[in-house]
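Here's the letter readout for the chains.
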Amino acid sequence: MAGGTVAWLVAKTDPVVNTFTYGNINIELTEDAGGTEKQFKIIPGTDITKDPKVTVKGGSEACWLFVKVEEVGAISTITTDPVHYAIDTGWAQLKDKDGKDVSGVYYRLVDAVNNDTAFNVLKDNKIIVSGELTKETIKGYAVQQPKLTFTAYAVQKDNVASASDAWAKVNP
């Protein structure tokens, strides 16, 4: 009687574990000078400190970042106007699909951030008031208490081809 040993060849891999997380974008709009609902006096020749800033919070994915500036009354971006402001560098005027400016909407592309990253909205953090502003000029304005309202938005960059496409997601 012949005896034999049978050996089986066996192999096993280490497991491959796939863990999925969700992307995230968090933003914050703040203003130290005057807060969110303050009144400011417009005095000829005296600039008004205004420092709205949009912060993309740490851990956020790459995004299209927008700020919408709504003007009511005689405050504008037209530098010949007696009361005006400029948008800070790094922001671009949003264009619609036909290449026309979208009034009051500015954007920038922000890479993924590990730490909070703040972006000023107004150049030099101020509203410029001309020394040429007179009581007679003010009486001619339809709105006697002008306002600026700032709102910020963010849309993921991945799978969104352009700023106008991103804006359409928050403003359909």
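Residues numbered from 1 in each chain as written. Predicted model: local features only at pLDDT ≥ 70, side-chain atom pairs only at ≥ 80, totals over all residues. Heavy atoms only, no water.

Across its full length, the protein carries 2 helices and 10 strands. The linear arrangement of helices and strands in the protein, starting from the amino end, is β-β-β-β-β-β-β-β-β-α-β-α. On C-alpha atoms alone, the protein measures out to a radius of gyration of 27 Å, which is more than a quarter above the 16 Å that the 2.2 N^0.38 rule sets for 172 residues. Counting only C-alpha atoms, the protein reaches 125 × 35 × 25 Å along its principal axes. Taken across its 172 residues, the protein has 27% of its residues classed as buried. Contacts spanning at least 24 positions in sequence make up 76% of the contacts within the protein whose residues lie at least 6 apart. Taken as a whole, the protein presents about 11,800 Å² of accessible surface, with 49% of it coming from carbon and sulfur. Across the protein, the centroid of the 18 positively charged side chains sits 3 Å from that of the 22 negatively charged ones. (Helix = DSSP H or I, 4+ residues; strand = E, 2+ residues; numbered from the N terminus. Rg over C-alpha atoms; globule rule 2.2 N^0.38 Å. Buried < 20%, exposed > 50% of the residue type's maximum accessible area, 1.4 Å probe, protein only. Contact = heavy atoms within 4.5 Å. Areas by Shrake-Rupley, 256 points an atom, 1.4 Å probe, with all protein chains shown as cover. Lys, Arg positive; Asp, Glu negative; His and termini not counted. Charge placed at Lys NZ, Arg CZ, Asp CG, Glu CD.)

Read across the open sheet, the 3 strands follow the order E1-E3-E8; overall the sheet is antiparallel. The sheet is open, and its two edges are formed by strand E1 (27–31) and strand E8 (117–120), each paired on a single side. Averaged over all neighbouring strand pairs, the angle between strand axes comes to 25°, with direction disregarded. Relative to strand E3 (residues 52–56), E1 runs antiparallel, the two sharing 5 bridges. When the bridges of E3 are listed, Thr30 appears paired with Lys53. (Pairing = 2+ DSSP bridges. Axes fitted to C-alpha atoms, helices over the stretch in contact; angles between N-to-C directions.)

Here the focus is the packing of aromatic side chains. Counted under the stated rule, the structure contains 4 aromatic pairs. Between Trp64 and Tyr107 the ring centres are 6.1 Å apart and the planes differ by 55°, which places this aromatic pair in the tilted class. Of this pair, Trp64 sits in strand E4 (residues 63–72) while Tyr107 is found in strand E7 (residues 101–110), placing the two residues 43 residues apart along the sequence. Judged by its relative accessible area of 9%, Trp64 is buried. Taking 6.3 Å as the distance between ring centres and 45° as the angle between the ring planes, the aromatic pair formed by Phe66 and Tyr107 counts as tilted. Highlighted residues: Phe66 in strand E4 and Tyr107 in strand E7, separated in sequence by 41 residues. By relative accessible area, Phe66 is classed as buried at 0%. Look at Tyr107 and you get partly exposed, because its relative accessible area is 22%. Ring-pair connections join several aromatic residues into one group, and the members of that group are Trp64, Phe66, Tyr107, Tyr153 and Trp167. Seen from the ring of Trp91, Arg108 lies directly overhead, with NZ or CZ sitting 4.9 Å from the centre. (Phe/Tyr/Trp six-rings, centres within 6.5 Å; stacked < 30°, edge-to-face > 60°. Lys NZ or Arg CZ within 6 Å of the ring centre and 35° of its normal.)

By themselves, these figures tell us nothing about what the structure is for.
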